[in-house]
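Residue strings, one per chain:
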Amino acid sequence: MKKFLLGVALLVATVSSAQKGSMLVGGNVGFASEKIGDSKSTNFEFSPKVGYQFTDNWTAGVEGSIANVKVAGFDKSETYKIGGFVRYAKPLSEIFAVYADLGAGYQSASVNDAKGMYASLTPALFINMKRGFGLNFSIGGVNYDNLDGKNDPRQERFGFNFGKTFNIGISKNFGL
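Not measured: the values here are computed from a predicted model.

### Thoughts on the overall build of the chain
- Broken down by element type, the chain carries one helix and ten strands.
- Along the chain, helices (α) and strands (β) appear in the sequence α-β-β-β-β-β-β-β-β-β-β when read from the amino end.
- Out of the 176 residues belonging to the chain, those deemed buried represent 32%.
- Counting contacts in the chain only where the partners sit at least 6 residues apart, residues at least 24 apart contribute 50% of the total.
- In the structure as shown, the chain presents an accessible area of about 11100 Å², 62% of it carried by carbon and sulfur atoms.

### As for the environment of Lys81
- Following the sequence through the fold, Lys81 ends up in strand S4 (residues 77–91).
- Along the primary structure Lys81 and Tyr118 are separated by 37 residues, whereas in three dimensions their C-alpha atoms are 8.2 Å apart.

### Some words on the packing of aromatic side chains
- Tallied over the full model, the rule gives three aromatic pairs.
- Ring plane angle 70° and centroid distance 4.9 Å describe the contact between Phe160 and Phe162, whose orientation is recorded as edge-to-face.
- Residue class for Phe160 comes out exposed when judged on its relative accessible area of 56%.
- Sitting over the face of the ring of Phe85, Lys49 holds its NZ or CZ atom 4.7 Å from the ring centroid.

### Some points on the pairing of strand S7 (residues 133–138)
- The alternating pattern of S7 places Gly134, Asn136 and Ser138 on a buried face and Phe133, Leu135 and Phe137 on a face that is not buried.
- One ladder, built from five bridges, connects strand S6 (residues 114–130) with S7; its direction is antiparallel. If you follow Phe126 over to S7, its bridge partner there is Asn136.
- The antiparallel pairing of S6 with S7 creates a hairpin that spans two residues between the two strands, and Arg131 there sits at a positive phi of about 50°.
- Of the pairings in the sheet, the one linking S7 to strand S10 (residues 167–175) comprises six bridges and is antiparallel in character. By the bridge assignment, Phe137 is partnered in S10 with Ile168.

### Focus on the layout of surface pockets
- Taken as a whole, the second largest pocket spans an internal volume of roughly 360 Å³.
- Around the second largest pocket, the lining is made up of 21 residues, and of these Gln53, Ala89, Ala97, Phe126 and Asn173 lie nearest the centre.
- The set of elements that each furnish at least two residues to the lining of the second largest pocket consists of strand S1 (22–36), S4, strand S5 (96–109), S6 and S10.
- Here the lining of the second largest pocket takes four residues from S4, the largest share from any one element.

### Topic: the side chain of Asn161
- Among the secondary structure elements, Asn161 is positioned in the loop between strand S9 (155–160) and S10.
- Not counting the four nearest positions on each side in its chain, Asn161 is found in contact with Ile139, Gly140, Gly141, Val142 and Asn143.

### Some words on the side chain of Gln107
- Along the chain, Gln107 falls in strand S5.
- In this structure the side chain of Gln107 is engaged in a polar contact, spanning 3.2 Å, whose partner is the backbone oxygen of Met117.
- At 3.1 Å, the side chain of Gln107 forms a polar contact with the backbone oxygen of Asn146.
- What Gln107 contacts, discounting residues up to four positions off in sequence, is Tyr80, Lys81, Ala114, Lys115, Gly116, Met117, Tyr118, Asp145, Asn146 and Leu147.

### Quick word on the pairing of strand S2 (residues 39–53)
- Relative to S2, S1 is paired through 15 bridges, and the arrangement is antiparallel. Looking at the pairing, Ile36 lines up with Ser39 of S2.
- Adjacent in sequence and paired antiparallel, S1 and S2 are bridged by two residues, among which Gly37 carries a positive phi angle near 65°.
- Bridging between S2 and strand S3 (residues 58–71) involves eleven bridges; their strand directions are antiparallel. Across the sheet, residue Gly51 finds its bridge partner in S3, namely Gly61.
- Counted between consecutive antiparallel strands, the loop separating S2 from S3 contains four residues.

Rules of the game
Along each chain, residues carry numbers from 1 onward, in the same order as the chain's sequence is written. For this predicted model, a pLDDT threshold of at least 70 governs which residues receive local features, and a threshold of 80 or more governs which side-chain atom pairs are given and counted, while totals over whole chains, interfaces and linings are taken from all residues. Note that the side-chain values use all heavy atoms of the structure and ignore hydrogens as well as water. Note on conventions: DSSP H or I runs of at least 4 residues are helices, E runs of at least 2 residues are strands, and numbering of each starts at the N terminus. The classification of residues rests on relative accessible area computed with a 1.4 Å probe and restricted to protein chains. Under 20% of the type maximum is buried, over 50% is exposed, and intermediate values are partly exposed. Pairs of residues are marked as contacts when any of their non-hydrogen atoms sit within 4.5 Å. What sets the accessible areas is the Shrake-Rupley method with a 1.4 Å probe; for residues, cover comes only from the shown protein chains. To pair, rings of Phe, Tyr and Trp, with the six-membered ring standing in for Trp, must have centres within 6.5 Å; the planes then decide the type, stacked if under 30 degrees apart, edge-to-face if over 60, and tilted in the middle. Whether a charge sits over a ring depends on NZ of Lys or CZ of Arg being within 6 Å of the ring centre and within 35 degrees of the ring normal. When DSSP locates at least two bridges between a pair of strands, those strands are taken to pair. Cavities and pockets are defined on a 1 Å grid built over the protein atoms alone: a cavity is a set of grid points where a 1.4 Å probe fits but cannot escape, while a pocket is an open set with protein on both sides within 12 Å along at least five of seven lines, and lining residues are those with an atom within 4 Å of any such point. Grid points are joined across faces, edges and corners, and a volume is the space filled by probe spheres set on the points. Throughout this description, a polar contact denotes any pair of N or O atoms lying within 3.5 Å of each other; where both atoms belong to protein, one of them has to be capable of donating a hydrogen while the other can accept it, and for residues adjacent in sequence the pair is counted only when both atoms sit in side chains.

Here it is, written out as structure tokens:
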């Protein structure tokens, strides 16, 4: 956790002193709860993102994620992700814009000390509230990830979850 936060801080300092343009800072907070019979699971996730907007439409930067999953009767597990992303945004008006994020990177899970990679493509809608501060909405995307643990077989997942998830986040553009 400390290494992740230090890495984000260093990236922000490096990009903000080396580039002219604007900086995108944002992220999502998510919570999920599921109950099937007597089994109950809860999931909490925080996903920050920092990027440099090098044209009116293109942004590149770093993203991360910290997730805690608790399943009744089992130990709590934690998952960490850190990687890069590229965003293409297309304004529809002064208030609305659509964008797509393509992200990829490294992930680790506390269960069986698993490590692996992830990739995702997420289309979304941005609503400009005031002075570059806005809300982000997405309803799923396409994702791939793999995890290889010490005592478990390699896990690979491919997901196409349009319409199955709903995410809300915030973002702010800072002029440099």
